[in-house]
Amino acid sequence: MSAFFPHVALTTDGKFLLSLASSFSLVILSGLLLHWSGLGLGRQQWVIALAGLSIGLLGIAAINQKRRGTIGAADTQRRQERYEYLGAAISLTILVLIAGGAIGYAHINAVRLGANPPPQLWILEEKHAGARTAIIGVYNTQDSPLVGRLQVSVNGNILYSSSPLQVAPQGVWRQRVDLSPDLPERSLIEATLTSLEEPKHGYRRATLWVQ
Amino acid sequence: MVAVPAEALAPPPAWADAERWLIVCSLAAAVGLMLLAYTYTAARAGLVSDSNLFWASMLLLFVPAAWGLARDEAPRMFRLQLLLIVSMCLYVAKIVHSPQGFTFHDELLHVRTLNDILASGRLFQENPVLPVSPLFPGLEVVTAAIVQTTGLSVYVAGVLVIGMARIIAVLALFQLFRLVTSLDKFAGLATLYVICNQHFLFFDAMFSYQSLALPQGIVLIYFLCRQIIENDLRPPALLVIFILLSGVTLTHHLTSYLLAAFILFWALYPQLYQLINMTLDWYAGQLSGRQIAIAIRNKSLFSSSLGRFSHVDHRLYIFAFVSLLLPTFWLVLIAEKTVGYLSPIFAGALSDLAALLAGDAPVRQLFQDHSGEKIVLWEQLATLISVLITLALLVAGATITWQRQRVQPLVFVLVTISLAYPVLLGLRMTPLGADISGRSNSFLAIAIAVSFTTGALATQAWLRARTPYFVGQALLVAILTLIFVGGIVAGAGPRWVRFPGPYLVAAEARSIEAAGIASAVWTRAELGSQQRIAADRINRLLLAAYGGQHPVTSVNEGVDISPLFVETQFTEEVRRIIVDSHIDFLLVDLRLSEDLPRVGIYFEEGEQGGRPYTEPIPRTALVKYDSVQGVSRVFDSGVIVIYDLRGLRDAIHPLPGIHNCERLYSPDSCGRLPAVRATSPATNLRPAARMLSSRTFIGVSFLSARGPYNRRKVSP
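Conventions and cut-offs
- Residues numbered from 1 in each chain as written.
- Chains lettered and ligands numbered in written order.
- Predicted model: local features only at pLDDT ≥ 70, side-chain atom pairs only at ≥ 80, totals over all residues.
- Heavy atoms only, no water.
- Phe/Tyr/Trp six-rings, centres within 6.5 Å; stacked < 30°, edge-to-face > 60°.
- Buried < 20%, exposed > 50% of the residue type's maximum accessible area, 1.4 Å probe, protein only.
- Lys NZ or Arg CZ within 6 Å of the ring centre and 35° of its normal.
- Contact = heavy atoms within 4.5 Å.
- Buried area = accessible area lost by both parts, 1.4 Å probe.
- Salt bridge = Lys/Arg side-chain N within 4 Å of Asp/Glu carboxyl O.
- Helix = DSSP H or I, 4+ residues; strand = E, 2+ residues; numbered from the N terminus.
- Pairing = 2+ DSSP bridges.
- Core = buried A, V, L, I, M, F, W, Y, C linked by side-chain atoms within 4.5 Å.

S.K.: Mind laying out the packing of aromatic side chains, listing which residues take part and the relevant values?
M.R.: Here the distance between the centres and the angle between the planes together describe a pair of aromatic rings. Residues and elements named next belong to chain B. Applying the stated criterion across every chain yields a total of 24 aromatic pairs over all chains. Each ring, one from F54 and one from W55, has its centre 5.2 Å from the other, and the planes form 70°; the classification is edge-to-face. Of the two residues, F54 and W55, neither departs from the other in class, the shared state being buried. Members of the aromatic cluster, each reached through a chain of ring pairs, are Y40, F54, W55, W378 and F499. The residue whose ring lies beneath R166 is F200, and the NZ or CZ to ring-centre distance is 3.8 Å. Above the face of the F499 ring, R495 is positioned so that its terminal group lies 4.6 Å from the ring centre.

S.K.: Lay out the interface of chain A and chain B with the relevant residues and their values.
M.R.: On the chain B side, the residues contacting the 101 residues of chain A number 118 residues. Here chain A and chain B share an interface that buries about 9800 Å² over both sides, 65% of which is from carbon and sulfur atoms. Between A:R174 and B:E526 there is a salt bridge, and its shortest N-O distance comes to 2.7 Å. Of the residues forming the side of chain A that touches chain B, the biggest block, 21 residues, is contributed by helix α3 (residues 72-113) of chain A. Note that strand β1 (residues 120-128) of chain A and strand β4 (residues 632-636) of chain B share two bridges and pair antiparallel. Within the sheet, the bridge partner assigned to A:W122 lies in β4(B) and is B:F635.

S.K.: Talk me through the nonpolar core; I want residue IDs and the actual numbers.
M.R.: All names here are of chain B. Core analysis: the largest hydrophobic core is formed by 205 residues, its most contacted members being F54, M58, L90, F177, W266, L410 and F452. The biggest single contributor to this core is helix α7 (residues 154-181), with 16 residues. Sequence-distant contacts of W266, that is, excluding residues within four places in its chain, are made with I221, L224, C225, I228, L316, P409, L410 and V413. The next biggest cluster of nonpolar side chains, apart from the first, holds 32 residues, and it includes V505, I561, Y602 and V641.

What follows is the structure in C-alpha cells.
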C-alpha cells in the first residue's frame, strides 16, 4: 500500500486490509497471466512471478517513501496503535492457541472415531498384445488382517478356490488370470470373497463379462 | 450520516476496562470452542442427542463480544478485535465440524477445479460437476499458488485462503460502515449483524468462490467510497480499484454482476431520487411537465449539490461503466456458459413464485427436512421472532434514515436495497426460491445491517431515556443474540447439518465418508481418470474430486440419470440412456435403499418429475444390473458397487433383456468348460495404499496429483 499511497496516512488495519485484498487480486491476475503466457501454473513459475511482483512493489514503495518522506502524524498514530495492539496480542495469542487445540482435538478424535472403508474386491480385464488377462484384486482397508477365501468361477464352473487368503492390514492382494483364447464368447468370470471370520459381513462378489 | 439521537452516541470517556473485557471475551470464546470440539466429538460417537451443548458453545462465542460491542465507550481497536474474535471463532467452528477435509457439497465442486489446475498447470479445464467453476478460477488460483509454493495440502491451503477472506470481510465491513456513519459503535454493531446472517457459520465459510469474491467486493466498495469522500481518485487509486475489480470478476460470476449493479445504482441514486420526487410533485400538481423537462434539459439533475446528499461524485458513472464492462467482457469472451447455468435457476425460481402466488404450487415446508425430521419448537420460535424483529427494526431504521437531511448516497442505496428483505422472505416459500433467497442473504445482510442498526440504536436510545443504562444495552445484546440463533437455525437447518456423525443418505456433509472416498480413489487408480460414469449426487462429487472422473450430469450434459437407478427393471429406456449418453461405468451406492434422501433428491433437481419420494429406492432396482448380460460388476466394497457398462454399448446383438443369475451359471447356457490358467498368486502389499484410508483423506491433492494410485492401468 505504501507503493500506491505514500502520501496517505492509512491506519494499520486499513493498510492490512487493502494489502491483503489487493494481494489476492494480484495473485489471481498473475495466475491468469501465467496461463495465457503459456508458462503454466507450476511451482517455479509461481515463485518467480510472486517474488518478482513483491520485489517490484517493495522497490516502488521504497522510492516513493524516499521521495515524499514520512508523515509525522502517522508516526504518532502508529505508536499509539502499537500500544493498543500489545494487550490485544497477548489475549488473542492465547485464543489462537486454544482454537488450534480445539481443531487438533477434533481432528484426533475424528480420526479415532472414523471408520475405515470396507474391504474391496475387484476384477478387471486387461488386453495386452493380443493376450487377455483378468486381474482380481483385494484391498484390505482394515487395521487387522483380512482372512478369507477367494473363489473364481468361469461360466459357473469353479476354476480356482484359494486356500485361506490372508491380506495384511492396508494391504493389496492381486492375481492375474490369463484367459485362454478358446474361451467361449460371452463368458462370465465371477470372483467371490468370503471372510472366514465373518462370512456374511465379509462377502464380496465381482464379475467380468468377456465378450 | 445515519439518524440516531446525538445524545445516545456522544463519545463518552474511554472504557477503562476494555482490555480486561477483551481477555474475558477471549477466554469465553476459547471455552466455547473447546466445548464445541467436545460436542462434535461426542456427536461422532453418537453420544449427543440434543443441541444444548452446541448452543452453549455458540452463546459463549457470541454474547460476551456482543456485550462489548454494545458499549458506547469502547475504543475502535477493541471493537475490531471483538469482531475478529467472533468471526474467526465461528470459522474455527466450521473447521472443527470437518477437521479432516472438505465435506460440504460446494467445496468438493471447487476441489475438482483446483485438482485440475494442480495436475495440468492450466486454467479453464472442464469441470463436469460445476461447469462454470473453471471459468471463474480466482479462488482456485490463489489456493494453487499456496499449495505449489509451500507444499501444504489442498485442505490446509483452502482453509487458510477462506480464513484470510473472512478477516478481509470483517475488516472491510467495519471500515465501510464506519466510513458512511462516522460512528464506531454503529460500525461494530452493523458488522455484528452481518455476522449473525444465516450463512455466516457454514455457507460463507466454505471453500467456494463466493466466500472469496464477496469480501473482495466489500473492500472495493469501501475503498471507492473512501476515495470519493477524500476526493482522491488519482491514478494509483484507480489502479487499486481496477485490480480489486478484476479479482472479483475472475472469482465469482454473481458477485461481480451484483457489484456492477450496485455501483450503477449508487451512481444513479441521487438522480433517480430527484426524478421520483419531481414525478411525485408533478402528480400532486406542484410541478408541471414543462418544468421537469427543463430540469432534465438543463442537467440540473446532475448537479453536484443535490440537496440532502453529501459527496455526490459523477466519476462514479465511470466506475459503474467499468464495473459493468469487465464482467461483460469476461462473460462474452470466456464464460458464456454462465448464462446457461444461471438462467434456469432464476427462471425456475420466478416460475415457482408465480405458481405459488397463483395458488398452483405447494408451499415449501419450513423447519423440516425431506425425510420428515423437524427442528425443535423453541428453535422454530426463535427463528420466527428473529425475522419479525429484523423486519420491525429494518422498517424503523429505514424510516429514520429517510427523514435525515444530509446523508451519504451510499447509505440511502443500502437502505433502499434492504427493503428487498420481505420479498426474499416470500421467495423462501418455494423450493428454488429458497435457494436463491438463501444465497442472496449474504449480500443482502450488508444492506439490512444499516437499516437494522439504525433502528436498534434508536430503540436503545429511547430506552435509555426511560430506564437504567444497562437495560438498553441488555436489550440490544438480547436482540442480536436472538438474531444470531435464528440465523444459525435458518442457515444450518436441521440438527444433522449442524453436527458431524454417522452416514446418512443424501445428506450433504453427512454422506461424505470413508467408503465413498475409497471407491472414488479406486476408480482413479484402476480405471484411470476421465471415465464417463453415472452416480448419485454425493458419489458424483467424490468421483469428480477424488477420482478425477467425468460424472455424467444434468447440469453439464442435460442427461437425467435417475432412471438408471430407480427403474426396477432393465428397460429399453435405461439402455437408451446408457448408450446415448456414452456412460461407461455406473456407481451404485446400495445405502440409497436404506432411507429417504435428506435433501429431497438422490441425483438431480427435478428427478421423478419433481415429485417427492415417499419411500427409498428398492434395493432390487439398484442391483438389477447383476443379472444383465454384458454388464460386469467390476468393483464391490459391500456398500458401493461399480458396474462396467461398456459391454452393453459394444454388444453387436440386441440385448437379451433381464436374465436370471442362476441360469447364467448353469453349464447349459455357458457352453463348454473354458480353459483358463491362473498365474501364481502374488501378494502385492503396498504400504502406500494406506493413503486410501479415509482416516487420512486430508491430503486430497496428494492422492490426486502424486499419490500411489495415480496410474492409469494396473501394472502387469
